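Listed below, chain by chain, are the residues.
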Amino acid sequence: MNRHSRRSDRRPGLPLLAAAMLLAGLTLAAGCETQSMIREKGETAYYAGDYEQAQHHYRRAIDRWPTDHRAHYQLAQSYMQTDQPGRAQRHFEQALSLRRTDPDWAPMLLDHIAEAIHQQDRPERLQAFLEQTVQDYGTTRDRLRQAEYLVKIGDLDGARLAYRKAAYFADADNPEPYVAIADFYEMLDDAPSAVRALRWAHYVNPQDTDIAERLRRYGVTPGPTAAEAPPKSELLR
């Protein structure tokens, strides 16, 4: 066997490799897109303010992969931008069905669903949704969401109770519901009640500088004498 025949014997796969590379190049040239590429086109259009084009790409992504929760979420966001809260709600709900137990996605999607229902001016449906969410999840955030939207639809008594329940069931180191209660009473121009709620918040987190500054604006010097333990037994009265 001569030297040339031995060299060609060492490379029997080159023609096959060249064919495979040519096929890959033709596939890319034909515009093969991944799911993330389609979503990225939607994002580019969305941030450019072209919401209809964004919706086109997100619908393409969903047609290709119906369980893509990100595409449902992004499509819903684009519908909100074009004053279509009913359509947005459906896709927020679809995303939630795919991420119902996800601690990052679920609360955010519930926030968006509440806003979508609110923008449809459906107060009874909104109240039912908020109550069901509290029943299903029962977190402080769910109760605060409930209170926030009850304020928006004018149910101040219901909001007051929801805020107090949020505080009652909150973790001992969470000042958020007390701050929200202070916001609520400030909105009602009830300074004494607002100050008391801030004292509760200051007791829970005395290092929070925002709470301390708000107390100062009411003429209260932050510190141990300004803090007041939240009266759990009174919150549900």
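Data block above holds the structure.
Let me sum up the structure you'll find in this document. Fair warning: this is a prediction, and the values are worked out from it, not measured in the lab. (Residues numbered from 1 in each chain as written. Predicted model: local features only at pLDDT ≥ 70, side-chain atom pairs only at ≥ 80, totals over all residues. Heavy atoms only, no water.)

Relative to the helices and strands, Ser36 is located in helix α3 (residues 35–47). Expressed as a C-alpha distance, the spacing of Ser36 and Ala71, which sit 35 residues apart in the sequence, is 9.3 Å. Within the local environment of Ser36, its side chain forms a polar contact with the side chain of Thr34, the two groups lying 3.2 Å apart. (Helix = DSSP H or I, 4+ residues; strand = E, 2+ residues; numbered from the N terminus. Polar contact = N/O pair within 3.5 Å; in protein donor to acceptor, adjacent residues only side chain to side chain.)

Attention shifts here to the pattern of salt bridges. Scanning all chains against the criterion turns up 15 salt bridges. Across the pair Arg39 and Asp68 runs a salt bridge, and its minimum N-O distance is 2.7 Å. Placement of Arg39 in helix α3 and of Asp68 in the loop between α4 (51–64) and α5 (69–81) is noted, with a sequence separation of 29 residues between them. For Glu234, the salt bridge identified is with Arg196, shortest N-O distance 3.4 Å. Placement of the pair is Glu234 in helix α14 (residues 232–235) and Arg196 in helix α12 (residues 191–204), with a sequence separation of 38 residues. Taking the relative accessible area as the measure of exposure, Glu234 reaches 31% and is therefore partly exposed. (Salt bridge = Lys/Arg side-chain N within 4 Å of Asp/Glu carboxyl O. Buried < 20%, exposed > 50% of the residue type's maximum accessible area, 1.4 Å probe, protein only.)

Next up on the list: the nonpolar core. Ranked by size, the top nonpolar core spans 29 residues in total, and within it Phe92, Leu109 and Phe129 carry the most contacts. Those elements giving two or more residues to this core turn out to be α3, α4, α5, α6 (85–98), α7 (105–119) and α8 (123–136). A total of 8 residues in this core trace back to one element, the largest contributor, which is α7. Those residues in contact with Leu109 that lie beyond four places of it in its chain are Tyr73, Phe92, Ala95 and Leu96. Ala167, Ile211, Leu215 and Ala226 belong to the second largest nonpolar core, which has 27 residues in total. (Core = buried A, V, L, I, M, F, W, Y, C linked by side-chain atoms within 4.5 Å. Contact = heavy atoms within 4.5 Å.)

Attention now goes to unusual backbone geometry. The backbone of Asp83 sits at a positive phi, close to 55 degrees, despite the residue not being glycine. As for its position among the elements, Asp83 is in the loop between α5 and α6. One non-glycine residue, Asp189, adopts positive backbone phi at about 60 degrees. In this fold, Asp189 is placed in the loop between α11 (176–187) and α12. Look at Asp189 and you get exposed, because its relative accessible area is 70%.

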